[in-house]
Amino acid sequence: MDTLTRLEATIAERRKADPDTSYVAQLTHRGLAVMVRKLGEEAVETCVAALAGSREELVGEAADVLFHLMVLLAEKNVPLADVMAELDRREGVSGIDEKNSRSE
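What counts, and where the lines are drawn
- Residues numbered from 1 in each chain as written.
- Predicted model: local features only at pLDDT ≥ 70, side-chain atom pairs only at ≥ 80, totals over all residues.
- Heavy atoms only, no water.
- Helix = DSSP H or I, 4+ residues; strand = E, 2+ residues; numbered from the N terminus.
- Core = buried A, V, L, I, M, F, W, Y, C linked by side-chain atoms within 4.5 Å.
- Buried < 20%, exposed > 50% of the residue type's maximum accessible area, 1.4 Å probe, protein only.
- Contact = heavy atoms within 4.5 Å.
- Axes fitted to C-alpha atoms, helices over the stretch in contact; angles between N-to-C directions.
- Parallel < 35°, antiparallel > 145°, perpendicular 65-115°, else oblique.
- Left-handed = near helix turned anticlockwise from the far one by under 90°.

The next subject is unusual backbone geometry. Although it is not a glycine, Asn 77 sits at a positive phi angle of roughly 55 degrees. Tracing the sequence through the fold places Asn 77 in the loop between α4 (55–75) and α5 (80–90).

See the structure below:
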């Protein structure tokens, strides 16, 4: 089992935990808007780290983005496998062509 698959399983388990003992449960209890806002904050922090931070800061912020994205996906009942399948579908396709296909 790879890291993201293990994380997905851990998030699924912790969503049901007591919010006093689990950050994932706290996010779940607080709702979708908080999860979305937190993901956005982490994305901005990642961008800032990419521009002005150290390699270690960027790695840490990138991990935070992935974690909060996984929490959001769990809330929306989107399995990681669906996201990976979409990435597989796009493999070998020009990014420009793929983007243009979405606006047709």
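Formed by Ile 11, Val 24, Leu 27, Val 34, Met 35, Leu 39, Phe 67, Met 70, Val 71, Leu 72 and Leu 80, the largest nonpolar core amounts to 11 residues. Of all the secondary structure elements, the ones that give two or more residues to this core are α2 (23–30), α3 (32–52) and α4. Those residues in contact with Leu 80 that sit more than four places away from it in its chain are Leu 4, Thr 5, Glu 8 and Met 70.

Where α3 contacts α4, the two axes come as close as 8 Å, and the packing angle between them is 160 degrees. Overall, the two elements α3 and α4 adopt an arrangement that is roughly antiparallel. When the axes of α3 and α4 are compared, the crossing they make is left-handed. Contact residues: Leu 32, Met 35, Val 36, Lys 38, Leu 39, Glu 42, Ala 43, Glu 45, Thr 46, Ala 49 and Ala 50 in α3; Glu 57, Leu 58, Glu 61, Ala 62, Asp 64, Val 65, His 68, Leu 69, Val 71, Leu 72 and Glu 75 in α4.

Tracing the sequence through the fold places Val 71 in helix α4. Discounting chain neighbours no more than four positions away, the residues touching Val 71 are Ile 11, Val 24, Leu 27 and Met 35.

The subject of this paragraph is the packing of α2 against α3. As a packed pair, α2 and α3 sit with axes 5 Å apart at the nearest point and diverge in direction by 120 degrees. By the criterion of interaxial angle, the relationship of α2 to α3 is oblique. In this structure, α2 contributes Tyr 23, Leu 27, Thr 28 and Arg 30 to the contact, and α3 contributes Val 34, Met 35, Arg 37 and Lys 38.

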